[in-house]
Amino acid sequence: MIALLIRDLRLALRAGGGFGLGLAFFLILTVLVPFSVGPQSALLSSIAPGILWLGSLLACLLSLDRLLALDFEDGTLDVLATAPLPLEAALAVKALAHWITTGLPLVLAAPFLGILLNLPPQGFVWLVASLLLGTPALSIIGTFGAALTEGIKRGGLLMSLLVLPLYVPTLIFGAEAARRGAVGMAIETPLLLLAGISLGSIALLPFAAAAALRMTIR
Amino acid sequence: MVLRLTDVAVARGGVPVLGAVTFELEPGRALVLRGPNGSGKTTLLRAIAGLQPVLSGRIEGAEDTVAYAGHADGLKAMLSVAENLQFWAAVYGRREIDAALETYALAPLADRLAGTLSAGQKRRAGLARLMVTDRPIWVLDEPTVSLDIAAVGMFADAVRAHLDGGGMALLATHIDLGIEAQVLDITGMRAAPDALHGASDEAFL
């Protein structure tokens, strides 16, 4: 399992690995928002948590295409499916690698981009906390979506349609936690629900993804 | 340990392609599948590797014993040959890759990125993967595609060494490797018409 994680991280960091794709998208989106909304700092600071959460979600979605497709094309998935490593574990590790290369950089970049969007000072901690709790769910749900649509040529559109509704609860509670944090309200409820979504997805979706993948690679 | 197929039928894309396949493979023996394109060789091999379900019949002795090599080599273009092999060795819980590099004369290429290799060199690296798995049954689908004569010789030697060590090999190939092997011609083994019942594997489309 560790070998698979190291290999995925190494591949992501080498040329053409797609590391930074999501981060660049996130950067572009949040840098452009103040230009399109206009220089109204009150408005910006009220929409900042929502924009940052939406940007993270879309950046995650953007990188899902490559999650399994590359391994499918070069035959790695076939061999992995016949290897002693259970497919459930392999997919969980791939989701973890996706989170480390996509989710974690987004979490780390968000506070800096929060400054651009005039995020109130008390909101930074909760923004980072909510992203830290929520982005693992985005990665594992995305892995499930990628497994469902594997083997379909140009399956990206179908995958987006499948994954987006599943992303909505994470977005609602994540953005709500960040927004409440920014205006100084109690954040326990949305934060707990967000953690619940993440833990539930991490516990269940590797099995669902492996079942879907067994169906799609044959 | 014996690989035994009893009356196996397989389908591809919802269409039954092969039926009533029965054979036995014992340690130290090789079996070559012959048949024209589209006769179901790949589908049968994928079923034996556990990558797709059978329509009917039974496959025994294939659980966790098969090392499968299909049309794609399973190499990452941005990793070196040695890194690719080390990864697969680690997946199968092993470390040693030198023997595999040596058998296929890959030592001079060990530090090259797999993406920069020629088709034949990639194939050799893909076949070398079988040697790091330590699994007794090699299931090989057209293993000699894009190999030159010298490389085919290396491959035949590797298979022979594997058989001498008590392994088994199941190959779909059209060229004569000079290995002593049973030959199973699957040309006549069409699926029975009643196998059509419930043959659809299209769950989503």
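As a starting point, this report considers the structure included with it. (Residues numbered from 1 in each chain as written. Chains lettered and ligands numbered in written order. Predicted model: local features only at pLDDT ≥ 70, side-chain atom pairs only at ≥ 80, totals over all residues. Heavy atoms only, no water.)

Right, let's talk about the overall build of chain B for a bit. What chain B contains, in helices and strands, is five helices and eight strands. Tracing chain B from N to C terminus, the helices and strands come up as β-β-β-α-β-β-α-α-α-β-α-β-β. Relative to its length of 205 residues, chain B is compact, with a C-alpha radius of gyration of 17 Å against a globular reference of 17 Å. With respect to the three principal axes, the spread of C-alpha positions in chain B is 55 × 40 × 30 Å. For chain B, with 205 residues in total, the buried portion stands at 53%. In chain B, once contacts between residues fewer than 6 apart in sequence are set aside, the share between residues at least 24 apart is 71%. (Helix = DSSP H or I, 4+ residues; strand = E, 2+ residues; numbered from the N terminus. Rg over C-alpha atoms; globule rule 2.2 N^0.38 Å. Buried < 20%, exposed > 50% of the residue type's maximum accessible area, 1.4 Å probe, protein only. Contact = heavy atoms within 4.5 Å.)

Turning our attention to the pairing of strand β5 (residues 66-69) of chain B. Residue and element names in this part refer to chain B. With burial as the criterion, each face of β5 is covered, one bearing V66 and Y68 and the other bearing A67 and A69. Bridging between β5 and strand β6 (residues 137-141) involves four bridges; their strand directions are parallel. Residue A67 lies in a different strand from β6, and its bridge partner there is W138. (Pairing = 2+ DSSP bridges.)

What follows covers the environment of A:L192. Positionally, A:L192 belongs in helix α8 (residues 188-216). Put simply, A:L192 and A:Y167 are 25 residues apart on the chain and 17 Å apart in space, counted from C-alpha to C-alpha.

What follows covers the nonpolar core. In summary, soluble globular proteins display a tendency toward joint burial of nonpolar side chains. By size, the foremost hydrophobic cluster in this structure holds 54 residues, and its most contacted members are A:Y167, B:L3, B:V21, B:F23, B:L44 and B:I48. Residues in contact with A:Y167, not counting those within four places in the same chain, are A:L57, A:C60, A:L61, A:L64, A:L138, A:I141 and A:G142. Residues B:A67, B:W88, B:Y92 and B:A151 belong to the second largest nonpolar core, which totals 51 residues. (Core = buried A, V, L, I, M, F, W, Y, C linked by side-chain atoms within 4.5 Å.)

Attention shifts here to the sheet that holds strand β3 (residues 30-34) of chain B. Adjacent strands of a sheet form backbone hydrogen bonds with each other and so pair up, either parallel or antiparallel. Residue and element names in this part refer to chain B. Overall, parallel pairing links the five strands, which are arranged β5-β6-β7-β3-β8 in an open sheet. Strands at the two margins of the open sheet, each flanked by one partner only, are β5 and β8 (182-185). Neighbour-to-neighbour, the strand axes of the sheet open up by a mean angle of 15°, direction not taken into account. (Axes fitted to C-alpha atoms, helices over the stretch in contact; angles between N-to-C directions.)

With 25 residues of chain A at the interface, the matching set in chain B holds 27 residues. When the two sides are added together, the surface that chain A and chain B hide from each other amounts to roughly 2,400 Å², 66% of it contributed by carbon and sulfur. Our enumeration of links across chain A and chain B arrives at five salt bridges. Seen at the junction of chain A and chain B, the total is seven residue pairs in polar contact (both at pLDDT 80 or more). When contributions to the side of chain A that touches chain B are tallied by element, the ones reaching two or more residues are α1 (2-13), α3 (41-73), α4 (76-82) and α8 of chain A. Ranked by the residues each element gives to the side of chain A that touches chain B, the list is headed by α4(A), at six residues. For the side of chain A that touches chain B, the per-class residue count stands at 13 nonpolar, four polar and eight charged. (Buried area = accessible area lost by both parts, 1.4 Å probe. Salt bridge = Lys/Arg side-chain N within 4 Å of Asp/Glu carboxyl O. Polar contact = N/O pair within 3.5 Å; in protein donor to acceptor, adjacent residues only side chain to side chain. Nonpolar A, V, L, I, M, F, W, Y, C, P; charged D, E, K, R; others polar.)

All names here are of chain A. A cluster of nonpolar side chains, L27, I28, V31, L32, F35 and L116, forms an exposed patch at the surface whose accessible area comes to about 590 Å². Sorting elements by how many residues they give to the nonpolar patch places helix α2 (residues 21-37) first, with five residues. Inspection of the secondary structure puts I28 in helix α2. (Patch = residues over 30% accessible without salt bridge, like charges linked within 9 Å, V, L, I, M, F, W, Y side chains within 5 Å. Areas by Shrake-Rupley, 256 points an atom, 1.4 Å probe, with all protein chains shown as cover.)

All names here are of chain A. With their axes 9 Å apart at the nearest point, α2 and α3 run at an angle of 150° to one another. Our classification of the angle between α2 and α3 gives roughly antiparallel. Once α2 is placed against α3, the crossing between them reads as right-handed. Residues L21, G22, F25, F26, L29, T30, V33, P34 and V37 of α2 pack against L43, L44, I47, I51, L52, G55, S56, L58, A59 and L62 of α3. Considered class by class, the residues forming the contact of α2 with α3 number 15 nonpolar, four polar and no charged. (Parallel < 35°, antiparallel > 145°, perpendicular 65-115°, else oblique. Left-handed = near helix turned anticlockwise from the far one by under 90°.)

This part is about the packing of helix α2 (residues 81-91) of chain B against helix α4 (residues 119-133) of chain B. Residue and element names in this part refer to chain B. Where α2 meets α4, the axes come as close as 9 Å, and the angle between the chain directions of the two elements is 35°. As α2 packs across α4, the resulting crossing turns out to be right-handed. Residues V81, L85, W88 and A89 of α2 pack against A125, A128, R129 and V132 of α4. By residue class, the composition of the contact of α2 with α4 is seven nonpolar, no polar and one charged.

The next thing to look at is helix α7 (residues 156-183) of chain A. Residue and element names in this part refer to chain A. At Y167, α7 shows its maximal kink, close to 35°; a proline, P169, follows between one and four residues later. Every buried residue of α7 is accounted for by G156, M159, V163, Y167, T170, G174, A175, A177, A178, G181 and A182. Where α7 is buried, its residues contact α3, α6 (123-148) and α8. G184 lies just past α7 and shows a positive phi near 80°. (Bend = angle between axes of the 7 residues up to and from the residue.)

Moving on, we get to unusual backbone geometry. Although it is not a glycine, A:N118 adopts a positive phi angle of roughly 60°. Relative to the helices and strands, A:N118 resides in the loop between α5 (87-116) and α6. Judged by its relative accessible area of 34%, A:N118 is partly exposed. The phi torsion at B:D7 lies on the positive side, around 55°, for a residue other than glycine. When you line up the elements, B:D7 lands in strand β1 (residues 3-12). You can call B:D7 partly exposed: its relative accessible area is 44%.

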